[in-house]
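These are the residues of each chain, in order.
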Amino acid sequence: MKLVKAIIKPERLDAVKSALEEAGFFGMTITEVQGRGEQKGISLQYRGGTIEVDLIPKIEMEIVVKAEKVPQVIEAVKKGAYTGKIGDGRIFVLPIEESIKIRTGEVIRE
């Protein structure tokens, strides 16, 4: 099993969820986070002055899937998150050793 972790723009969340659902992936965890990448923050105009915002609001998505399904998840996230502008996000793939369902105690290992 693999954990696909994606950091995306908040305004692209619905598009990414739709793309994942179209590809057959429904389970996910969504967290509101803040961060910065190559853009190193943004400048905003406020009351006639410029404010530097160092950390930008982002959405972190976590999706656990079988290893052979990872390419489909990655393509769905890319399809939904892409705007072509800086800050579109990043995708990480991490190994998962096992998964335990709390209600049933079922253990899944790959």
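Reading guide: rules and limits
- Residues numbered from 1 in each chain as written.
- Predicted model: local features only at pLDDT ≥ 70, side-chain atom pairs only at ≥ 80, totals over all residues.
- Heavy atoms only, no water.
- Helix = DSSP H or I, 4+ residues; strand = E, 2+ residues; numbered from the N terminus.
- Buried < 20%, exposed > 50% of the residue type's maximum accessible area, 1.4 Å probe, protein only.
- Contact = heavy atoms within 4.5 Å.
- 1 Å grid on protein atoms, 1.4 Å probe; cavity = no way out; pocket = protein on both sides within 12 Å on 5 of 7 lines; lining within 4 Å.
- Points joined across faces, edges and corners; volume = space filled by probe spheres on them.
- Nonpolar A, V, L, I, M, F, W, Y, C, P; charged D, E, K, R; others polar.
- Arc of directions from axis to C-beta.

### Topic: the environment of K101
Tracing the sequence through the fold places K101 in the loop between β7 (98–100) and β8 (107–109). Given a relative accessible area of 43%, K101 falls into the partly exposed group. It is 22 Å that separates the C-alpha atoms of K101 and E21, two residues lying 80 residues apart in sequence.

### Let's talk about the environment of E60
Along the chain, the position of E60 falls in strand β5 (residues 56–65). Along the sequence, E60 and G84 sit 24 residues apart, while their C-alpha atoms lie 19 Å from each other. The contacts of E60, once residues within four sequence positions are left out, are K5, A6, I7, T29, I30, T31 and V33.

### What about the layout of surface pockets?
One number sums up the size of the largest pocket: a volume of about 320 Å³. Along the wall of the largest pocket there are 15 residues; nearest its centre are R36, G37, E38, G89 and R90. Of all the elements in the fold, those that place two or more residues in the lining of the largest pocket are β2 (29–35) and β6 (89–95). Residues belonging to the lining of the largest pocket are distributed by class as follows: four nonpolar, six polar and five charged.

### Here's the deal with helix α1 (residues 13–22)
Every buried residue belonging to α1 is among L13, V16, A19 and L20, and all of these are buried. The buried side chains of α1 occupy one side of the element, clustering within an arc of 130° when seen end-on. Exposed and facing more than 90 degrees away from the buried side of α1 are D14 and E22. Buried-residue contacts for α1 involve β1 (2–8), β2, β5 and α2 (70–81). G24, located one to two residues past α1, shows a positive phi value of around 95°.

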